[in-house]
Amino acid sequence: MTQAARHEPDPFFDIELKPYRSLGPRGFAILIAFVALLNLGAGMAFWLLGAWPVFAFCGLDVLLVYAAFKFSYRQQRAREFIRLDADALVVRRVDIQGREKVWRLQPYWLRVDCDPEDESAPLHLWSHGRALTLGAFLSPDERRRLAEGLQDALVRWRQPPGAGLRPLGSA
């Protein structure tokens, strides 16, 4: 049987999580240009007043803002992939260096834990007394929605095939 002929059933849950960055490349360029112009103006004012060393610190300020944003964009390379299929729940985490770590969890014993009342509560998957934290970079609302989606998918996974279906003639 060829790869194309084989049909894998649809997963119960499949998502890619990544850190959100609201400032795109164009916005970043505009922001750096604005910061540079502002610092150039301030530096020139200090230069004309005779405090020329301040000019160097204004340039350093622009470099530090640039470096901070570049570091932030580098962290955006981190990813988490969560997939629940008929066999297992697979969590694949890729860090900012591209290193990958994979966990295969048996869904029957899995418990999703995220306190909806606590804004800073992490999302944990518990199995056999051990916890795996998911979506640490997500907002509290996103973590809660992810927890609800995972719980719903686990409920569907645990139902036997045809559960809840009745023949058309019965009441």
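Quick note: structure is the one above.
This report concerns the structure included in the present document. Because the structure is a prediction, the values reported are computed rather than measured.

On to a nonpolar patch on the surface. Side chains of Phe57, Leu60, Leu63 and Leu64 sit close together on the surface and give an oily, nonpolar patch of about 440 Å² of accessible area. The residue Leu63 is located in helix H2 (residues 53-75) in this model. For Leu63, a relative accessible area of 56% puts it in the exposed group.

Turning our eyes to something else, we now look at the nonpolar core. In this structure, Ile82, Leu89, Leu125, Leu134, Leu146 and Leu150 are the most contacted members of the largest nonpolar core, which totals 21 residues. Of all elements in the fold, only strand S1 (13-17), strand S2 (79-84), strand S3 (89-94), strand S6 (123-127), strand S7 (130-134) and helix H3 (140-158) reach the threshold of two or more residues within this core. Top element by residues in this core is H3. It accounts for 6 residues. The residues touching Leu89, leaving out its near neighbours within four places in the chain, are Ile82, Arg83, Leu84, Trp103, Arg104, Leu105, Pro107, Leu110, Leu125 and Leu150.

Let's shift gears to the sheet that holds S3. The sheet built from 4 strands is open, its strands ordered S1-S2-S3-S4 with antiparallel pairing. With partners counted over all chains shown, the strands left at the sheet margins are S1 and strand S4 (100-105), one partner each. On average, each strand axis in the sheet is inclined to that of its neighbour by 10°, with strand direction left out of account. Where S1 meets S2, 5 bridges bridge the pair, whose relative direction is antiparallel.

About the criteria used
- Residues numbered from 1 in each chain as written.
- Predicted model: local features only at pLDDT ≥ 70, side-chain atom pairs only at ≥ 80, totals over all residues.
- Heavy atoms only, no water.
- Patch = residues over 30% accessible without salt bridge, like charges linked within 9 Å, V, L, I, M, F, W, Y side chains within 5 Å.
- Areas by Shrake-Rupley, 256 points an atom, 1.4 Å probe, with all protein chains shown as cover.
- Salt bridge = Lys/Arg side-chain N within 4 Å of Asp/Glu carboxyl O.
- Helix = DSSP H or I, 4+ residues; strand = E, 2+ residues; numbered from the N terminus.
- Buried < 20%, exposed > 50% of the residue type's maximum accessible area, 1.4 Å probe, protein only.
- Core = buried A, V, L, I, M, F, W, Y, C linked by side-chain atoms within 4.5 Å.
- Contact = heavy atoms within 4.5 Å.
- Pairing = 2+ DSSP bridges.
- Axes fitted to C-alpha atoms, helices over the stretch in contact; angles between N-to-C directions.

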